[in-house]
Amino acid sequence: MRRPRLEVSDVFHRHGADWRRANAGHVSLAQLQVMSAIEQCRSAALGGHVERCQDCGHSRIAYNSCRNRHCPKCQGAAATDWLTAREADLLPVGYFHVVFTLPAEISPIAYQNKAVVYDLLLRTAAETLLTIAADPRHLGARIGATAVLHSWGSAITHHPHVHMIVPGGGISLDGTRWVPCRPSFFLPVRVLSRLFRRLFLHGLADAYTAGRLTFFGDLNNLRYPTVFAAHLAPLRKKNWFVYAKPPFAGPEAVLAYLARYTHRVAISNSRLISLGERGVTFRYKDYRRNGRARYRTMTLAPDEFIRRFLIHVLPKGFHRIRHYGLLASATCKTNIARARELIAAPPPASDPPEHDDGLDAGVQADHRPPCPCCGGRMIIVETFERAGAPRGPPSPNAGVRSATP
């Protein structure tokens with residue numbers, strides 16, 4: 001498995017120690033743990049094992065992955081496992097992609113109160129969809145949705161938004177039939193936007209009244225109720241951004257899309273171009289432009305690049321992938337079976353696995369690639385502990401890759 005020319009870990013290795021010293025006392029434990037995990041990922045520091053081909057005897061060292069959900073190198077296998085568990089839940093209907101975005105005025109509050117505001121964002125986006133879909137004036141049905149929180153823009157800036165993947169229809173409120181949505185149209189965006197705005201602002205005000213929000217730095221004055229109320233007042237009339245994309249071309253396209261979005265981190269290693277005296281250069285999309293002009297490059301000083309990457313570290317235990325309505329974990333299997341029955345779709349080949357979004361933080365399956373020499377099956381012949389080394393050398397020119405024992 002070929003290693004990318006440049007990785008986020010390279011930036012941390014070269015500039016991380018200086019950044020830690022310069023920001024001592026202003027970095028959370030979670031952020032320090034993410035830095036350490038990425039620096040040690042797929043290195044001897046985490047231990048590993050030796051694999052040997054059953055057919056030709058070729059051997060290679062495979063170092064352990066850090067399994068941190070913020071690590072750019074650890075999300076491919078995790079996404080594969082997660083998607084395998086979701087495949088049996090797909091219905092033979094069109095799927096829509098709906099995006100709920102917080103306005104810029106809320107973004108700083110969200111950054112200083114991640115657990116509260118991110119949770120509120122996910123819950124209110126889901127409630128908005130479920131409420132409008134259940135309204136007889138619109139769809140008049142119970143629907144399901146998978147929500148994925150992203151906190152970044154393409155330039156690694158703080159830009160909280162939720163991607164929701166929604167089947168194009170639902171079970172009627174009396175449970176007797178499948179109610180499809182209109183072709184190429186799910187729910188009215190303007191109605192979604194207004195309800196989302198009302199529910200979120202109401203929930204944010206409740207959190208403030210309950211003392212669940214904290215403010216510091218430039219937001220320190222928001223501690224005063226009159227200032228907080230004045231800050232939110234204009235947002236009650238502002239148009240909030242809700243975007244509904246056209247439906248996907250079948251369940252396979254849904255899986256392909258989810259593969260790109262569910263386990264994405266703030267920036268992938270493939271977007272990095274160079275690390276030099278000027279800083280870190282990477283690719284990004286400028287959504288204010290169209291066509292080829294949208295694809296641009298940006299160079300950030302190493303300390304700014306590290307700062308931007310770490311502002312997207314999530315609170316410990318926070319679930320950024322959630323299922324709602326018909327897809328809620330507790331009743332998903334029953335609801336999917338009923339929906340298939342109403343659509344007259346064939347049942348899946350086997351029962352779908354229970355939802356377990358803990359795969360965000362780890363890998364469950366064996367992802368060892370075949371032997372690079374003959375394509376044979378690689379088996380583990382030796383393991384070694386953290387900071388250890390194998391007893392014997394691997395084959396000459398053996399590749400080094402991740403291990404997930």
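Scroll up a little and you will see the structure.
All values derive from a computational prediction rather than experimental measurement. Each chain has its residues counted from 1, running along the sequence as written. In keeping with the predicted nature of the model, local features appear solely for residues at pLDDT of at least 70, side-chain atom pairs appear and are counted solely at 80 or more, and the whole-chain, interface and lining totals rest on all residues. Remark: hydrogens and water are excluded; side-chain values derive from all non-hydrogen atoms of the structure.

Some remarks on the overall build of the protein chain
Next, step 1: A run of H or I in DSSP becomes a helix once it reaches four residues, and a run of E becomes a strand once it reaches two; helices and strands are each numbered from the N terminus. Counting secondary structure elements, the protein chain contains 10 helices and 15 strands.
Next, step 2: Two residues form a contact once any of their heavy atoms are found within 4.5 Å. Considering only contacts in the protein chain between residues 6 or more positions apart, those separated by 24 or more positions represent 74%.
Next, step 3: Reported accessibility uses the Shrake-Rupley method at a 1.4 Å probe radius. Residues are deemed covered only where the shown protein chains occlude them. Of the roughly 20,100 Å² that the protein chain leaves accessible, carbon and sulfur atoms contribute 53%.

Points about the pattern of salt bridges
Next, step 1: Criterion for a salt bridge: a side-chain nitrogen of Lys or Arg within 4 Å of a carboxyl oxygen of Asp or Glu. If you walk through the whole model with that rule in mind, you get 14 salt bridges.
Next, step 2: Its salt-bridge partner being Glu 105, residue Lys 238 comes within 3.0 Å of it at the nearest N-O pair. You can see Lys 238 sitting in the loop between α7 (225-232) and β9 (242-245) and its partner Glu 105 sitting in the loop between β3 (95-101) and α4 (107-112), a full 133 residues away along the chain.
Next, step 3: The buried label applies to any residue whose accessible area, calculated with a 1.4 Å probe on protein chains only, is under 20% of its type's maximum; exposed applies above 50%, and partly exposed to all values in between. Residue classification places Lys 238 among the partly exposed residues on the basis of a relative accessible area of 32%.
Next, step 4: For Glu 105, a relative accessible area of 30% puts it in the partly exposed group.
Next, step 5: Asp 286 serves as the salt-bridge partner of Arg 288, at 3.1 Å between the closest nitrogen and oxygen.
Next, step 6: A cluster of three or more residues bridged by salt bridges with shared partners is formed by Asp 286, Arg 288, Arg 289 and Arg 296.

Things to note about the nonpolar core
Next, step 1: Here, nonpolar core means buried Ala, Val, Leu, Ile, Met, Phe, Trp, Tyr and Cys residues that are tied together by side-chain atoms lying within 4.5 Å of each other. Core analysis: the biggest nonpolar cluster contains 52 residues, and Leu 129, Met 164 and Phe 200 have the highest contact counts within it.
Next, step 2: Those elements giving two or more residues to this core turn out to be β3, α4, α5 (114-134), β5 (144-152), β6 (158-167), α6 (189-209) and α7.
Next, step 3: If we ignore the near neighbours within four places in the chain, the residues touching Leu 129 are Phe 100, Ile 143, Ala 145, Met 164, Val 166, Phe 186, Leu 187 and Leu 192.

Structural notes on the packing of α5 against α6
Next, step 1: Two numbers describe how α5 lies on α6: the axes approach to 9 Å, and their chain directions differ by 140°. Taken as axis vectors, α5 and α6 run oblique relative to one another. For the pair α5 and α6, the sense of crossing is right-handed. Only Val 191, Leu 192, Leu 195, Phe 196, Leu 199, Phe 200, Gly 203, Leu 204 and Ala 207 of α6 make contact with α5, whose side of the interface consists of Val 116, Val 117, Leu 120, Leu 121, Thr 124, Ala 125, Glu 127, Thr 128, Leu 129, Thr 131 and Ile 132. Working convention: axes come from line fits to C-alpha atoms, limited for helices to the stretch in contact. Angles between N-to-C directions cover 0 to 180 degrees. In this scheme, roughly parallel covers angles under 35 degrees and roughly antiparallel covers those over 145, while 65 to 115 is roughly perpendicular and the rest are oblique. Should the near helix be turned anticlockwise from the far one by less than a right angle, the crossing is termed left-handed; should it be turned clockwise, right-handed.

A look at the sheet that holds β5
Next, step 1: With antiparallel pairing, the five strands of this open sheet are ordered in space as β9-β3-β6-β5-β13. Here the strands that pair on one side only, and so sit at the sheet edges, are β9 and β13 (321-325). Along the sheet, successive strands turn relative to each other by an average axial angle of 25°, direction set aside.
Next, step 2: In this scheme, strands are said to pair when DSSP sees at least two bridges between them. Here β3 runs beside β9; their pairing, made up of four bridges, is antiparallel. Bridged to Val 99 within β9 is Tyr 243.
Next, step 3: Sitting on the sheet, α5 touches β3, β5, β6 and β13, and the angle it makes with β6 is about 35°.

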